[in-house]
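# Commentary on secondary and tertiary structure
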Amino acid sequence: MIDTKIIRIPPDAELSLIDEALMPAAEIIRSGGLVAFPTETVYGLGADATSELASKKIYAAKGRPSDNPLIIHISTPEDAEGYTYTNGVYYKLARAFMPGPITVVLPSRETVPEATRGGLATVAVRCPSSRIANRLIKLSGVPIAAPSANLSGSPSPTTAEHVMDDMMGRIDCIVDGGASEVGLESTIVSVKSDDSVVLLRPGKITVEDIRALGIEVEIARAVTESLREGEIALSPGMKYRHYAPGAEVVLLDGSPDKAISYISARSYSNYAVICYSEDISQFESALGDATIIDFGNRDDMKSQARSLFDILRAADKQSYDIIFAPLPPTEDIGLALYNRMIRAAAHKIIRL
Ligand code: TXA
Ligand code: MG
């Protein structure tokens, strides 16, 4: 067991205060240790990306398969030059979205240790907009390799409490900077040689946002479908079961009326229903024995994104037998919700 140091930074803290509070965390990164820190998407579990040994510690702490590569976090887009071969599309994306919740996969330079890129010839770079994340990278003086700071297979953490639940005693330090603003992991795109991109993981920066820059976007099949037997994942992380709570999760594609008749036709006793705020009273009066969980307003997908992982983690603690949830639309940020929710549900979708 490691003695995990907790550093608390108020979300509205001044920059000088942030820097002062982060000094010990930056020192831990420099000396090869592990620090969990907030980003605008989810909390990351960081280590010196240039150190083979430090990167290996991340896999051990998470229980993560070592062929699943890490994202390198940098404090300005130009820092990608040291670790990747950039191109025009990278800078087009960088000018539009960085710092911010986008990750770009590019050919790797020799400077990136094998362990950081999971043995691939490419590497993923991201420049976070979170002030705490950005300052931590700067103060450490090295790029920070960081996956989400959860145990492998559980939902990504969006608060320091989530990180503590998974990582206390396993890592050197947790920086508590409050709840993550986006709540879902960054959008990941891979740049192809013809300057088009492949969307590997949807996030707050949407396909529509990227197309608006005049960049052609192909959506990888694994974003919306399950991998076929023998199919190779473009992004190694896609092949692992993700965000899966202990309970069975079932997505219902249809109106609240139809969902209610589907559920009440079966006799569940220990179950929960995630529903939009507008439908709460209807579900509550029809399904008296269910725990009803508020997912936010139907049209407020940003708020749904912010709360999804917290809802899944909280539901996990209640050990329901089954959890029902609405199937999100696949437009805009809905695609990111859809992608995470079909994984949590292991692709169990009921068309009502
Ligand atoms: O928002 C985020 O991206 C968060 C915060 C902490 O920055 N990080 C994050 O990391 O979600 P992680 O490791 O949980 O997810 C990164 C995904 C994995 O599925 C991994 O397989 C994929 O990115 N990935 C990393 N490097 C890659 C590469 N070179 N080619 C393809 N996929 C890659
Ligand atoms: Mg992750």
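Residues numbered from 1 in each chain as written. Chains lettered and ligands numbered in written order. Predicted model: local features only at pLDDT ≥ 70, side-chain atom pairs only at ≥ 80, totals over all residues. Heavy atoms only, no water.

### Observations regarding the packing of helix H9 (residues 301–317) against helix H10 (residues 334–344)
In the contact formed by H9 and H10, the axes pass within 10 Å of each other and the chain directions differ by 20°. In terms of axis orientation, H9 runs roughly parallel to H10. H9 and H10 meet at a crossing whose hand is left-handed. Between H9 and H10, the residues in contact are Met301, Gln304, Ala305, Leu308, Phe309 and Leu312 and Gly334, Leu337, Arg340, Met341 and Ala344, respectively. For the contact of H9 with H10, the residue count by class is 8 nonpolar, 2 polar and 1 charged. (Axes fitted to C-alpha atoms, helices over the stretch in contact; angles between N-to-C directions. Helix = DSSP H or I, 4+ residues; strand = E, 2+ residues; numbered from the N terminus. Parallel < 35°, antiparallel > 145°, perpendicular 65-115°, else oblique. Left-handed = near helix turned anticlockwise from the far one by under 90°. Contact = heavy atoms within 4.5 Å. Nonpolar A, V, L, I, M, F, W, Y, C, P; charged D, E, K, R; others polar.)

### Things to note about the packing of aromatic side chains
If you walk through the whole model with that rule in mind, you get 6 aromatic pairs. Plain terms: the ring middles of Tyr268 and Tyr271 are 5.8 Å apart, the flat faces sit at 50° to each other, and that makes the pair tilted. For Tyr268, a relative accessible area of 25% gives the class partly exposed. For Tyr271, a relative accessible area of 4% translates into the label buried. Relative to Phe324, the ring of Tyr271 lies with its centre 6.3 Å away and its plane at 85°, an arrangement referred to as edge-to-face. Of this pair, Tyr271 sits in strand S13 (residues 271–275) while Phe324 sits in strand S15 (residues 322–326), and the two are 53 residues apart along the sequence. Look at Phe324 and you get buried, because its relative accessible area is 1%. The residue whose ring lies beneath Arg266 is Tyr262, and the NZ or CZ to ring-centre distance is 3.7 Å. (Phe/Tyr/Trp six-rings, centres within 6.5 Å; stacked < 30°, edge-to-face > 60°. Buried < 20%, exposed > 50% of the residue type's maximum accessible area, 1.4 Å probe, protein only. Lys NZ or Arg CZ within 6 Å of the ring centre and 35° of its normal.)

### Observations regarding the sheet that holds strand S4 (residues 71–73)
Read across the sheet, 11 strands follow the order S1-S8-S2-S3-S7-S4-S6-S5-S9-S10-S11 without closing on themselves; strand pairing throughout is mixed. Each end of this open sheet is capped by a strand with a single partner; those strands are strand S1 (5–8) and strand S11 (217–219). For this sheet the average axis-to-axis angle between neighbouring strands, irrespective of direction, equals 30°. Along the sheet face, helix H3 (residues 88–97) touches strand S5 (102–107), strand S6 (122–126), strand S9 (187–191) and strand S10 (197–201) and points at about 165° away from the line of S5. Along the sheet, helix H5 (residues 160–167) contacts S1, strand S2 (35–37), strand S3 (44–48) and strand S8 (173–176); its crossing angle with S8, the most-contacted strand, is approximately 165°. (Pairing = 2+ DSSP bridges.)

### Points about empty space enclosed by the protein
Rolled over the atoms, a probe with the dimensions of a water molecule shows which regions are left empty. Inspection of every chain in the model, using the stated rule, returns 2 cavities of 30 Å³ or more. Space inside the largest cavity adds up to approximately 50 Å³. Classifying every residue of the lining of the largest cavity by side-chain character gives 5 nonpolar, 4 polar and 3 charged. Counting residues domain by domain, the lining of the largest cavity receives three or more from each of domain 1 (5–223) and domain 2 (248–351). Of the pockets and cavities examined, the second largest cavity occupies roughly 40 Å³. Considering the residues around the second largest cavity, the lining is formed by Val249, Leu251, Ile274, Leu308, Leu312, Ala325, Met341 and Ala344. Residue classes in the lining of the second largest cavity are distributed as 8 nonpolar, no polar and no charged. (1 Å grid on protein atoms, 1.4 Å probe; cavity = no way out; pocket = protein on both sides within 12 Å on 5 of 7 lines; lining within 4 Å. Points joined across faces, edges and corners; volume = space filled by probe spheres on them. Domains from an automatic or database assignment.)

### Considering the domain arrangement of the protein
Each domain of the protein was delimited in the assignment, giving domain 1 (5–223) and domain 2 (248–351). If you average the C-alpha positions of domain 1 and of domain 2, the two centres end up 29 Å apart. At the interface, 28 residues of domain 1 touch 19 residues of domain 2. Where domain 1 packs against domain 2, one counts 3 salt bridges. At the junction of domain 1 and domain 2, the tally comes to 11 residue pairs in polar contact (both at pLDDT 80 or more). Of the residues forming the side of domain 1 that touches domain 2, the biggest block, 3 residues, is contributed by H5. Class assignment of the residues belonging to the side of domain 1 that touches domain 2 gives a composition of 11 nonpolar, 10 polar and 7 charged. (Salt bridge = Lys/Arg side-chain N within 4 Å of Asp/Glu carboxyl O. Polar contact = N/O pair within 3.5 Å; in protein donor to acceptor, adjacent residues only side chain to side chain.)

### Points about the pairing of S3
The side chains of a regular strand alternate between the sheet's two faces. Among the 5 residues of S3, 5 are classified as buried, and the element is accordingly described as predominantly covered. Inspection of the sheet shows S2 paired to S3 by 3 bridges, in the antiparallel sense. Counterpart to Val35 in the pairing with S3 is Gly46. In textbook terms, the turn of a hairpin is the stretch between consecutive antiparallel strands, and for S2 and S3 this stretch comprises 6 residues.

### Comments concerning the sheet that holds S13
Taking strand neighbours across the sheet as the criterion, the 5 strands line up as S14-S13-S15-S12-S16 in an open arrangement whose pairing is parallel. Both outer strands of the open sheet, strand S14 (291–294) and strand S16 (349–351), are each paired with one neighbouring strand and no more. Taken pair by pair, the neighbouring strands of this sheet meet at an average axis angle of 25°, ignoring direction. Looking at chain direction, S13 and S14 are connected through 4 bridges and run parallel. Following the sheet pairing, Ala272 is matched in S14 by Thr291.

### Comments concerning the side chain of His162
Here His162 is to be found in helix H5. Looking at His162, the relative accessible area reads 5%, which means it is buried. Setting aside its immediate chain neighbours within four residues, His162 contacts Pro157, Asp310 and Arg313.

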